[in-house]
Amino acid sequence: MTAANPSARLGMLCLEARTLVVYTVGYQGKQAEELPLLLRQAGVTTVLDVRELPLSRRPGLSKTPLSSLLNRAGLDYSHERRLGNPKQYRDRLKAGGDWDVFAEVFRARLRGLSSVLDGVVATIAEGKVLCLLCFEADASQCHRSLVAEALAERADGVRIQHL
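Residues numbered from 1 in each chain as written. Predicted model: local features only at pLDDT ≥ 70, side-chain atom pairs only at ≥ 80, totals over all residues. Heavy atoms only, no water.

1. Focus on the state of the cysteines
Phase 1 of the analysis: One pass over the structure, following the stated rule, counts zero disulfides.
Phase 2 of the analysis: Of all cysteine sulfurs in the structure, the one in Cys-142 sits closest to Cys-134, which takes part in no disulfide; the separation is 3.7 Å. (Disulfide = S-S within 2.5 Å.)

Here it is, written out as structure tokens:
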């Protein structure tokens, strides 16, 4: 294994000695039209929507119009439902559930999604600059931060940056 070549080791991806960033963004309080500029300024090339259901009451932020908006701005868009926060988990949190308990349960769920996470890490290894998208403005209160952590654990040299 050399530092110049990505290679798999024990289910983790070792990337060349450079700092790679996984960005996250929540669109709460934002207009759809704000997102492309924010993402492009950060150098993002690919948006991965990690909402279980990519629907929004906010104009332009449901899957089809959001994908079109981002594509027109030169950004790739994809949706990965399996990385979404299931409704029953969201409902527990809304009803005053404990974040730490939720995080433990959601991390266990992510451990069962190795092939999905490996696919996302492969996208990063290809040189794509990835941003995970969800609703919550505060990443510390959104499951996307846990998805980002799971990606960083699987890929050496990846750091997380919340926009």
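2. Examining the nonpolar core
Phase 1 of the analysis: Leu-83, Leu-110, Leu-132 and Leu-151 are the most contacted members of the largest nonpolar core, which has 28 residues in total.
Phase 2 of the analysis: Secondary structure elements with two or more residues in this core: β3 (20-26), α4 (99-111), α5 (114-125), β6 (130-134) and α6 (143-154).
Phase 3 of the analysis: In this structure, Val-21, Ala-32, Leu-39 and Leu-66 belong to the second largest nonpolar core, which totals 18 residues. (Core = buried A, V, L, I, M, F, W, Y, C linked by side-chain atoms within 4.5 Å. Buried < 20%, exposed > 50% of the residue type's maximum accessible area, 1.4 Å probe, protein only. Helix = DSSP H or I, 4+ residues; strand = E, 2+ residues; numbered from the N terminus.)

3. Things to note about the packing of aromatic side chains
Phase 1 of the analysis: A complete count under the given rule lists five aromatic pairs for this structure.
Phase 2 of the analysis: Considering the side-chain rings of Tyr-89 and Phe-106, the 6.5 Å spacing of their centres and the 80° angle between planes classify their relative orientation as edge-to-face. Residue Tyr-89 is found in helix α3 (residues 87-94), and its partner Phe-106 is found in helix α4; the two are separated by 17 residues along the sequence.
Phase 3 of the analysis: Relative accessible area serves as the criterion here: at 0%, Phe-106 is assigned to the buried category.
Phase 4 of the analysis: With a centroid separation of 5.6 Å and an interplanar angle of 25°, the aromatic rings of Phe-102 and Phe-106 are classed as stacked. Here Phe-102 pairs with Phe-106, and both are found in helix α4, just four residues apart, close to one helical turn.
Phase 5 of the analysis: In this structure Phe-102 comes out as buried when scored by relative accessible area, which is 5%. (Phe/Tyr/Trp six-rings, centres within 6.5 Å; stacked < 30°, edge-to-face > 60°.)

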